[in-house]
Amino acid sequence: MDKMLYIAMSGAKQNMLALSVNANNLANAKTTGFKADLAQARAMQAFGEGMPTRVFAMTERSSQNFDSGALLTTGRDLDIAIDGEGWFAVQAKDGTEAYTREGHLQVTESGALETSSGDLVLGEDGPLSLPLPVSNIQIARDGTIMVQLEGAPVNAQEEIGRIKFVNPDVRTMMKGNDGLFHSKNGVAQDADINVRVNSGALESSNVNTVNEMTDMIALQRQFEMQLKLMKTAEEIDASSSALLRAF
Amino acid sequence: MNPALWISKTGLDAQTKDIAVISNNLANASTVGFKKSRAVFEDLLYQTINQPGGRSAQDTEMPSGLMLGAGTKVVATQKIHSQGDMLTTDNSLDLMIQGEGFFEIQMPDGTSAYSRNGQFTMDEEGNVVTPGAGYLLQPQITVPQDALNIIVSQDGEVSVRLQGQAENAVIGQINTVNFINPTGLQPVGQNLYIETAVSGAPQEGVPGLEGYGMLVQGALETSNVNTTEELVNLIESQRVYEMNSKVISAVDQMLSYINQQL
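Here the structure is a predicted model, which is why all the values come from computation and not from measurement.

(A) Structural detail: the overall build of chain A. Scanning chain A from N- to C-terminus turns up 2 helices and 18 strands. Seen through its principal axes, chain A has C-alpha atoms that stretch 105 × 35 × 30 Å. The buried share of chain A, reckoned over its 247 residues, is 36%.

Laid out in structure tokens, this is it:
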């Protein structure tokens, strides 16, 4: 059988995978703090004995789009959005330090500060927890958390700690399977005191829906071209066997 | 089957839920004491197809792998307990909590529920009850039959002017209840909330003191729904819904093209 058929088949399969990345971005077009995945194709040689005559395509998710999403003002005290670049640190489910921009915070009944997915928010010295009961929580521009204990006068604000912000080179970060960002080398990043947050706002998903739709059309057409090649392979095969029958 | 179909299906599901939350907010835009909800989205787990750092040849590694996300989901609908606007009615049994706190309401089964709706009324025995179902306000307040008018002070003291008496007679005290995490309360309809494990235990206190909101007589708290915000959210959800259904139709066309061509 002609190798062309298999190469076209692998192309069609990779296009389908790239379309899944596309579909996931569109499904998360309203997820706060979501960073769009970028899919790209790479030429992958078939290694082995003899001449490397065939080069397959391989789809990979090389990185994410790290642009900031739009700011949604909510007015809620525990919603934070990072201004410009930077991340805040949370404790992932496996106990390691991870980073996110999804600033939808909440307080548990024991006073721990966590994100909406239940990951503890880290301060500069470990997870942050609030003394209960509090009547008022304020998060300052630099991430300092001030609380007013219940019954305390308005001017008696107590400082609880500071949210750990980091601002590493995004090339040292990768998105884990839990949707949080991790350091590529597994070492916790150093805190950066220059990151600023807005409280009372959330960062929307940075998925550019027009871009995704256009990519989707391009992938769909590319997929059809692969099938066309598969069809051509079949026709070539059919005509060569017809040629043999003619004699 | 193609994963993109299922990924887009989670997008459609999540947007449908979001639209349900938005329509409930809009339907309650003029419900006294109503607190708006919002849907919280999260991305689902990622599936590793190619591991980054895997071998691409004998001495080269792949710099980046292929991880496919599984879509999105609504993880929570969260009540936003911000203060609504003040609506002056001059009705003596209309109460509003300015600041934090809930009224405690006794349910027919003896348990307590909590409400921000201060549209109270009286039953045939003079007890102060909620307007719809007639549940008793706790602590119970009974207004004597010959009361001329009712005065509720900012700190919850209820007094009445009786016929032929110069002094007002104190008949009770309305205390309010605070929660550590009011977002954790479970809404049960009828403007009522019940306590859950995450809301924390109710802490009763005197209105106007130590972090408890004060009472305002003759006023009501309007719903905190911002209709413009809801309409903007509705537009966004509807368009995201359409885009996800577009992906499904694209995958469908691709699959049908395979069937026709091969």
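(B) Geometry of unusual backbone geometry. All names here are of chain B. Of the consecutive residues Gln 138 and Pro 139, the connecting peptide bond is found in the cis state with omega at -10 degrees. Along the chain, Pro 139 falls in the loop between β13 (136-138) and β14 (147-152). Of note, Asp 90 is a non-glycine position whose phi angle comes to about 65 degrees, a positive value. When you line up the elements, Asp 90 lands in the loop between β7 (86-88) and β8 (95-98). Although it is not a glycine, Asn 191 adopts a positive phi angle of roughly 65 degrees.

(C) Just the packing of helix α2 (residues 209-246) of chain A against helix α2 (residues 227-261) of chain B, in detail. α2(B) packs onto α2(A) with a crossing angle of 5 degrees between their chain directions and a minimal axis gap of 10 Å. In terms of orientation, α2(A) and α2(B) fall into the roughly parallel class. Facing α2(A), whose interface residues are A:Thr209, A:Met213, A:Met216, A:Gln220, A:Phe223, A:Glu224, A:Leu227 and A:Lys231, α2(B) presents B:Met243, B:Lys246, B:Val247, B:Ala250, B:Gln253, B:Met254, B:Tyr257, B:Ile258 and B:Gln261.

(D) Geometry of the interface of chain A and chain B. If you look at the interface, chain A gives 49 residues, while chain B gives 56 residues. Those elements giving two or more residues to the side of chain A that touches chain B turn out to be α1 (3-27), β1 (37-45), β2 (55-64), β7 (105-107) and α2 of chain A. When the residues that make up the side of chain A that touches chain B are grouped by side-chain class, the tally is 19 nonpolar, 20 polar and 10 charged.

(E) Looking closely at the packing of helix α1 (residues 3-27) of chain B against α2(B). Residues and elements named next belong to chain B. Relative to each other, α1 and α2 sit at 160 degrees, their axes nearing to 9 Å. When the interaxial angle is binned, α1 and α2 end up roughly antiparallel. Here the hand of the crossing between α1 and α2 comes out left-handed. Contact residues: Ala 4, Leu 5, Ser 8, Gly 11, Leu 12, Gln 15, Asp 18, Ile 19, Ile 22, Asn 25 and Leu 26 in α1; Thr 227, Glu 230, Asn 233, Leu 234, Ser 237, Val 240, Tyr 241, Asn 244, Ser 245, Val 247, Ile 248 and Val 251 in α2. Each residue belonging to the contact of α1 with α2 can be placed in one class, and the counts come to 12 nonpolar, 9 polar and 2 charged.

(F) Highlighting the pairing of strand β18 (residues 186-189) of chain B. All names here are of chain B. Sheet topology note: the β18/strand β19 (residues 192-194) ladder contains 3 bridges and is antiparallel. For Gln 186, the partnering residue across the bridge sits in β19 and is Ile 194. Counting the residues in the hairpin turn of β18 and β19 gives 2 residues, including Gln 190, whose phi is positive at 55 degrees.

(G) Local environment of the sheet that holds strand β15 (residues 157-162) of chain B. Residues and elements named next belong to chain B. Spatially, 3 strands are ordered β14-β15-β16 in an open sheet, and the strand pairing comes out antiparallel. Each edge of the sheet is formed by a strand with only one pairing partner; in this case those strands are β14 and β16 (168-173). The sheet shows a mean angle of 25 degrees between the axes of neighbouring strands, direction not considered.

(H) Representation of the confidence of the model for chain B in the model. Per-residue pLDDT for chain B averages 88, and the proportion of residues at 70 or more is 100%. The ipTM value of the predicted complex is 0.71, and its pTM value is 0.79.

(I) Local environment of the pairing of strand β9 (residues 120-123) of chain A. Residues and elements named next belong to chain A. Bridge count for strand β5 (residues 87-91) against β9 is 2 bridges, and the pairing is antiparallel. Its bridge partner lying in β9, Val 90 is registered against Val 121. Pairing analysis gives 2 bridges linking β9 to strand β10 (residues 126-127), with the strands arranged antiparallel. Bridge pairing links Gly 123 to Gly 126 in β10. Following β9, the chain reverses through 2 residues before pairing antiparallel with β10.

(J) Structural view of the environment of A:Asn206. Mapped onto the elements of the fold, A:Asn206 is located in the loop between β18 (201-203) and α2. In this view, A:Asn206 contacts A:Lys35, A:Ala36, A:Asn65, A:Asp67, A:Ser68 and A:Gly69; residues no more than four positions away in its chain are not counted.

(K) Representation of the sheet that holds strand β13 (residues 157-162) of chain A within the structure. Residue and element names in this part refer to chain A. Strand order in the open sheet formed by 3 strands is β11-β12-β13, and the pairing between neighbours is antiparallel. Of all the strands in the sheet, just β11 (134-139) and β13 have a single pairing partner and so form its edges. Averaged over neighbouring strand pairs, the angle between their axes works out to 25 degrees when direction is ignored.

(L) Just α2(A), in detail. With 38 residues, α2(A) extends 55 Å between its outermost C-alpha atoms, agreeing within 8% with the 56 Å of an ideal straight helix rising 1.5 Å per residue. Looking at α2(A), one finds that the buried residues are A:Glu212, A:Met216, A:Leu219, A:Phe223, A:Gln226, A:Leu227 and A:Met230. Packed against the buried residues of α2(A) are α1 of chain A together with α2 of chain B.

Each value, and the rule that gives it
- Residues numbered from 1 in each chain as written.
- Chains lettered and ligands numbered in written order.
- Predicted model: local features only at pLDDT ≥ 70, side-chain atom pairs only at ≥ 80, totals over all residues.
- Helix = DSSP H or I, 4+ residues; strand = E, 2+ residues; numbered from the N terminus.
- Buried ≥ 20, exposed ≤ 12 C-beta atoms within 10 Å, placed from the backbone.
- Axes fitted to C-alpha atoms, helices over the stretch in contact; angles between N-to-C directions.
- Parallel < 35°, antiparallel > 145°, perpendicular 65-115°, else oblique.
- Contact = placed C-beta atoms within 7 Å.
- Nonpolar A, V, L, I, M, F, W, Y, C, P; charged D, E, K, R; others polar.
- Left-handed = near helix turned anticlockwise from the far one by under 90°.
- Pairing = 2+ DSSP bridges.
- pLDDT = per-residue confidence, 0-100.
- Expected span 1.5 Å × (residues − 1).

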